[in-house]
Amino acid sequence: MIKKLYEKILLVCMMLIACFFSAGNADAELVERIVAVVNDDVILLSEFKAAIRQAQESGKEGKAKEVIEGMIHNRLLLEQAKKFSFGRDTGDAIHSPPDKVIKSYIDKRIKVLIHIPFSDIEAYYFNNLDKYAERDLNDVKNEIEEYLFNRTLEIKIQEHIDELMEKARIRIQLDKK
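Residues numbered from 1 in each chain as written. Predicted model: local features only at pLDDT ≥ 70, side-chain atom pairs only at ≥ 80, totals over all residues. Heavy atoms only, no water.

1. Thoughts on the side chain of His73
Right, on to step 1. Positionally, His73 belongs in helix α3 (residues 64–83).
Right, on to step 2. Using a relative accessible area of 18% as the deciding quantity, one classes His73 as buried.
Right, on to step 3. Dropping the residues within four chain positions of it, His73 is found in contact with Ile161 and Met165. (Helix = DSSP H or I, 4+ residues; strand = E, 2+ residues; numbered from the N terminus. Buried < 20%, exposed > 50% of the residue type's maximum accessible area, 1.4 Å probe, protein only. Contact = heavy atoms within 4.5 Å.)

The following block contains the structure:
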């Protein structure tokens, strides 16, 4: 009985000593943590910091909220692309870089559904005659079509992302730690 009491006292003393010596590392620097969870995927602090740096280097103001939202959108699109097996080389099934996979997904799942009727091109031309000065509709048809196509593409991508966001499980843990 006394032996067990000594063992417990010894164990408590050892724990106190261990706590005392580990307290010296209390000011240790945080190396890595999760800043967001997107379905079954995580965004790490190092990835987030790299995205902030990249935004700043490209001349964009890298606001934390905008950067993390962009990263979440990319993860959702990448997840969808992988679900439909985009980005795989059919010969040897090697995965492409994420940006290329997302581009392939957008090209094959969203872009192909966009059609700009001539009536829309014509309406845009006549509503913006001052912009096109003395240029004929036939001269600017392709330019207008490209503009309307890109504008429609942005809208369709955002609508698709909004749908994915509604179905996704997203948790952002972005604080100043």
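2. What about the pairing of strand β2 (residues 41–44)?
Right, on to step 1. As judged from the four bridges shared by strand β1 (residues 34–38) and β2, these two strands associate in the antiparallel manner. Across the sheet, Val37 pairs through a bridge with Val42, a residue of β2.
Right, on to step 2. Between the antiparallel neighbours β1 and β2 lie two residues, among them Asn39 with a positive phi of about 55°. (Pairing = 2+ DSSP bridges.)

3. A short note on the layout of surface pockets
Right, on to step 1. The space that makes up the largest pocket amounts to roughly 680 Å³.
Right, on to step 2. Listing elements by their share of the lining of the largest pocket, those giving two or more residues are α2 (45–57), α3 and α4 (98–109).
Right, on to step 3. Top contributing element to the lining of the largest pocket by residue count: α3, with nine residues.
Right, on to step 4. Each residue belonging to the lining of the largest pocket can be placed in one class, and the counts come to nine nonpolar, six polar and seven charged.
Right, on to step 5. Space inside the second largest pocket adds up to approximately 150 Å³.
Right, on to step 6. Those elements that provide at least two residues to the lining of the second largest pocket are α3 and α7 (137–167).
Right, on to step 7. Residues belonging to the lining of the second largest pocket are distributed by class as follows: three nonpolar, three polar and four charged. (1 Å grid on protein atoms, 1.4 Å probe; cavity = no way out; pocket = protein on both sides within 12 Å on 5 of 7 lines; lining within 4 Å. Points joined across faces, edges and corners; volume = space filled by probe spheres on them. Nonpolar A, V, L, I, M, F, W, Y, C, P; charged D, E, K, R; others polar.)

4. Comments concerning the packing of aromatic side chains
Right, on to step 1. Considering all chains together, one arrives at five aromatic pairs under this definition.
Right, on to step 2. With 6.4 Å between their ring centres and 20° between their planes, Phe84 and Tyr105 make a pair best called stacked. In this pair, Phe84 sits in the loop between α3 and α4 while Tyr105 sits in helix α4, placing the two residues 21 residues apart along the sequence.
Right, on to step 3. Seen from their ring centres, Tyr124 and Tyr147 are 5.3 Å apart, and the 35° between their planes marks the pair as tilted. Residue Tyr124 is located in helix α5 (residues 118–127), and its partner Tyr147 is located in helix α7; the two are separated by 23 residues in the primary sequence.
Right, on to step 4. On the basis of relative accessibility, which here comes to 12%, the residue Tyr124 falls in the buried class.
Right, on to step 5. Taken together, the ring pairs connect Tyr124, Tyr125, Phe126, Tyr132 and Tyr147 into an aromatic cluster.
Right, on to step 6. Taking NZ or CZ as reference, Arg109 lies 4.0 Å from the ring centre of Phe84, over its face.
Right, on to step 7. Between the NZ or CZ atom of Lys131 and the centre of the ring of Tyr147, over which it lies, the distance is 5.5 Å. (Phe/Tyr/Trp six-rings, centres within 6.5 Å; stacked < 30°, edge-to-face > 60°. Lys NZ or Arg CZ within 6 Å of the ring centre and 35° of its normal.)

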